[in-house]
There are 2 protein chains.
Amino acid sequence: MRKTQARQAIVDLLSKSDRPVPARDIVLGVARDRPDINKSTVYRFIKSLLESQQLISIPLPGRGALYELRREGEHYHFSCEGCQEVLCLNDTKLEVGRLVPRGYTVSPQNLVLSGLCPKCS
Amino acid sequence: MRKTQARQAIVDLLSKSDRPVPARDIVLGVARDRPDINKSTVYRFIKSLLESQQLISIPLPGRGALYELRREGEHYHFSCEGCQEVLCLNDTKLEVGRLVPRGYTVSPQNLVLSGLCPKCS
DNA sequence: ATCGGTGCAAAGGGTTTGCAGGGTA
DNA sequence: TACCCTGCAAACCCTTTGCACCGAT
């Protein structure tokens, strides 16, 4: 995979965020920083990163998916139904394995909990 | 909310399925059974059911959302990354509350686990 | 009879694709 | 130089909307 200016700009934008980003924000953010980069290029690269497992997709109800660069260490996410905030949770004591029947394996990075944060409760 | 033939057909279709259904399948399924019912009506009714909390939306990575009539008792879902099957899990021993920090509350019906089923492992 | 529900067709938004030109290795 | 990557614009798909008619209460 070649390193190009467009791709660098997209990775930079994703790296700067401490939480998952909607596709819309990636496209708009790149357009703002680098108006010369076309949205097709952004979509193509997002797809390419997903296929090479370097990008994680976090699906949300009603609001499309959020994207986040794969990081060291697994973590999961929490989506507040009130304020729509999405945050990363890093509880390594997570025992999601016991939530599924015997024989199934679980990928914690795809786990999204939703509910209410303290402010919205 | 009025009971009409179109709405009955849509609810019937949703009731017959033992697992969540993509919007596409609702639209196509209704079109097959009742070609006289327009897809706009289907979309409008789905939206209406969602707003009245009678329908639950289950977001999936890359594949739009799945829909399911609200049932008695909370349950959550598992999505296999291999065969794309989605199934309902009914473990009432679920203790998702301990997965989030103090002060947060979790809605189990919005929880989607993903990973591999026994066949795809 | 009323007013919410429906069909139709068109618009809308986000994402994908074909193609020719441009940049990276 | 070779080939991947990119820009552009159009196509695409799914969903939503405006409007007039229909039908459930």
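Definitions and limits used
- Residues numbered from 1 in each chain as written.
- Chains lettered and ligands numbered in written order.
- Predicted model: local features only at pLDDT ≥ 70, side-chain atom pairs only at ≥ 80, totals over all residues.
- Heavy atoms only, no water.
- Buried < 20%, exposed > 50% of the residue type's maximum accessible area, 1.4 Å probe, protein only.
- Helix = DSSP H or I, 4+ residues; strand = E, 2+ residues; numbered from the N terminus.
- Pairing = 2+ DSSP bridges.
- Contact = heavy atoms within 4.5 Å.
- Buried area = accessible area lost by both parts, 1.4 Å probe.
- Salt bridge = Lys/Arg side-chain N within 4 Å of Asp/Glu carboxyl O.
- Polar contact = N/O pair within 3.5 Å; in protein donor to acceptor, adjacent residues only side chain to side chain.
- Nonpolar A, V, L, I, M, F, W, Y, C, P; charged D, E, K, R; others polar.
- Domains from an automatic or database assignment.
- Axes fitted to C-alpha atoms, helices over the stretch in contact; angles between N-to-C directions.
- Near = heavy atom within 4 Å.

Peer 1: Describe the pairing of strand β4 (residues 76–80) of chain B, naming the residues involved and giving the relevant values.
Peer 2: Residues and elements named next belong to chain B. With respect to burial, β4 is a largely interior element, 5 of its 5 residues being buried. Going residue by residue along β4, you find Y76, F78 and C80 tucked away on one face and H77 and S79 tucked away on the opposite face as well. From the end of β4 to the start of strand β5 (residues 86–89), which pair antiparallel, there are 5 residues, and Q84 there has a positive phi angle of about 70 degrees. Examined bridge by bridge, β4 and strand β7 (residues 112–116) share 4 bridges and lie parallel to one another. In the strand pairing of β7, S79 is matched with S114.

Peer 1: Tell me about the interface of chain A and chain B, residues and numbers included.
Peer 2: Contact residues are listed per partner, giving 31 residues for chain A and 32 residues for chain B. Both sides together, the interface formed by chain A and chain B hides about 2,400 Å², and carbon and sulfur atoms give 60% of it. The largest contributions to the chain A side of the interface with chain B come from L99, Y104 and L113 of chain A, which together make up 24% of the buried area. Our count for the chain A to chain B interface comes out at 0 salt bridges. For the pair chain A and chain B, the number of links is 6 residue pairs in polar contact (both at pLDDT 80 or more). For the side of chain A that touches chain B, the secondary-structure elements that each account for two or more residues are β2 (55–59), β4 (76–80), β5 (86–89), β6 (105–106) and β7 (112–116) of chain A. Among the elements that line the side of chain A that touches chain B, the one with the most residues is β7 of chain A, at 5 residues. Residues belonging to the side of chain A that touches chain B are distributed by class as follows: 19 nonpolar, 8 polar and 4 charged. Across 2 bridges, the pairing between β7 of chain A and strand β6 (residues 105–106) of chain B is antiparallel. In the sheet register, L116 of chain A faces β6 of chain B, and the bridge partner there is T105 of chain B.

Peer 1: Give me the domain arrangement of chain A: which residues, what numbers.
Peer 2: Residue and element names in this part refer to chain A. Domain boundaries assigned for chain A yield domain 1 (3–69) and domain 2 (75–115). Placing the centre of domain 1 and that of domain 2 at their C-alpha centroids yields a distance of 22 Å. Roughly 840 Å² is buried in total at the junction of domain 1 and domain 2, and carbon and sulfur atoms are behind 57% of that figure. Linking domain 1 with domain 2 are 1 salt bridge.

Peer 1: Can you break down the sheet that holds strand β3 (residues 65–69) of chain B residue by residue, with the values?
Peer 2: All names here are of chain B. Ordered by their spatial adjacency, 3 strands build an open sheet running β1-β3-β2, and the pairing between neighbours is antiparallel. Looking at strand neighbours, the two that pair on one side only are β1 (21–22) and β2 (55–59), the edges of this open sheet. Pairing between β2 and β3: 5 bridges, direction antiparallel. If you follow I58 over to β3, its bridge partner there is L66. Helix α3 (residues 39–51) contacts β2 and β3 of the sheet and is inclined by roughly 100 degrees relative to β2.

Peer 1: Describe the protein's contact with DNA strand D, with residues and values.
Peer 2: For DNA strand D, the set of nearby residues contains 19 residues, the closest of which are T4, D36 and T41 of chain A together with R2 and Y43 of chain B. Of what DNA strand D places within 4 Å of the protein, 60% of the atoms are sugar or phosphate. Between DNA strand D and the protein, one listed contact pairs a phosphate oxygen with a backbone N or O atom of D36 of chain A at 2.6 Å. R44 of chain B places a side-chain nitrogen or oxygen 3.4 Å from a base oxygen of DNA strand D. Elements that contribute at least two residues to the surface near DNA strand D include exactly α1 (5–16) and α3 (39–51) of chain A together with α2 (23–33) and α3 of chain B. Looking at the surface near DNA strand D element by element, the count peaks at 5 residues for α3 of chain B. Of the residues contributing to the surface near DNA strand D, the split by class is 4 nonpolar, 5 polar and 10 charged.

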